[in-house]
Amino acid sequence: MKMTDIIADMILDMFDENNSTVQIQRNDLASQLGCVPSQINYVITSRFTPEQGYRIESRRGGGGCIYITRAQTKSTAIVAFINSIGSSIDERSAKANIYNLNYHDYIDDKTARLLIAAAADSNMQGIDAETRNAVRARQLKQMLMAYID
């Protein structure tokens, strides 16, 4: 098992049904696992993203710590993803995030297929890339908002 998988699993194990926020002392966790603190940062920034239903808060001073809060409901996770989209998203990023929502069971298979089909570049032939990505972001946000209503 890779060190990144071990770190991610250890962080995930800190969550339970009654605890949607965990506090991590980066240096303590790194020394406990025998890795460098930057590996902890990498795992947190790559595997605990808003698109995956997590919010990260970092506190400095007094040893510092990192709080990771997990979305408690599917709607919360989807809204977090909607908020992370911004004003523009390319096809590849949209698909990756839709697959991720589906993988975590925030959306079902049929919805994922519909969203992927709607986000395809082929739907917007003849439109420049900047406009296409802006339209895709607005459409994706609207479709996801309709999904959670």
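Now for a quick tour of the structure. (Residues numbered from 1 in each chain as written. Predicted model: local features only at pLDDT ≥ 70, side-chain atom pairs only at ≥ 80, totals over all residues. Heavy atoms only, no water.)

## As for the packing of helix α6 (residues 109–118) against helix α7 (residues 129–148)
The condition is simple: Axes here refer to lines fitted to C-alpha atoms; in helices the fit is confined to the stretch in contact. Angles between the N-to-C directions go from 0 to 180 degrees. Per the convention used, a helix needs a DSSP run of H or I reaching at least four residues, while a strand needs a run of E reaching at least two, with both numbered from the N terminus. In these notes the angle categories are as follows: under 35 degrees is roughly parallel, over 145 is roughly antiparallel, 65 to 115 is roughly perpendicular, and the rest is oblique. Note: crossing handedness is left-handed where the near helix turns anticlockwise from the far helix by less than a right angle, and right-handed where it turns clockwise. The contact criterion used is simple: two residues touch if any of their non-hydrogen atoms lie within 4.5 Å.
Between α6 and α7, the shortest axis-to-axis distance is 10 Å and the interhelical angle comes to 160°. As summarised for this structure, α6 and α7 are arranged roughly antiparallel, according to the angle between their axes. You can see that α6 and α7 cross each other, and the crossing is right-handed. Counting all contacts with α6, which are made through Thr111, Leu115 and Ala118, the residues of α7 involved are Gln139, Leu140, Met143, Leu144 and Tyr147.

## Considering the pattern of salt bridges
The test is simple: For salt bridges, the criterion is a side-chain nitrogen of Lys or Arg within 4 Å of an Asp or Glu carboxyl oxygen. Relative accessibility decides the category of a residue: with a 1.4 Å probe and only protein chains considered, values under 20% of the type maximum give buried, values over 50% give exposed, and everything between is partly exposed.
Under the definition given, this model contains five salt bridges. For Lys95, the salt bridge goes to Glu91, with nearest N and O atoms at 3.4 Å. Note that Lys95 and Glu91 are positioned in helix α5 (residues 91–103) at a spacing of four residues, about one turn of the helix. Residue classification places Lys95 among the partly exposed positions, given a relative accessible area of 27%. Across the salt bridge formed by Arg136 and Asp121, the nearest N and O atoms sit 2.6 Å from each other. Note that Arg136 is positioned in helix α7 and Asp121 in the loop between α6 and α7, a separation of 15 residues in sequence. Taken together, the salt bridges that share partners define one network made up of Asp121, Arg132 and Arg136.

## Section: the sheet that holds strand β2 (residues 54–59)
To keep it simple, the criterion reads: Whether two strands pair comes down to DSSP finding at least two bridges between them.
Pairing is antiparallel in the open sheet, where three strands are placed in the order β1-β3-β2. Lying at the two open borders of the sheet, with one neighbouring strand each, are β1 (21–24) and β2. The mean angle between the axes of side-by-side strands here comes to 20°, regardless of whether they run parallel or antiparallel. Judged from the four bridges that link them, β1 and strand β3 (residues 65–70) form a sheet pairing that is antiparallel. Following the sheet pairing, Thr21 is matched in β3 by Thr69. Across the face of the sheet, helix α3 (residues 37–47) comes into contact with β1, β2 and β3 while running at roughly 25° to β3.

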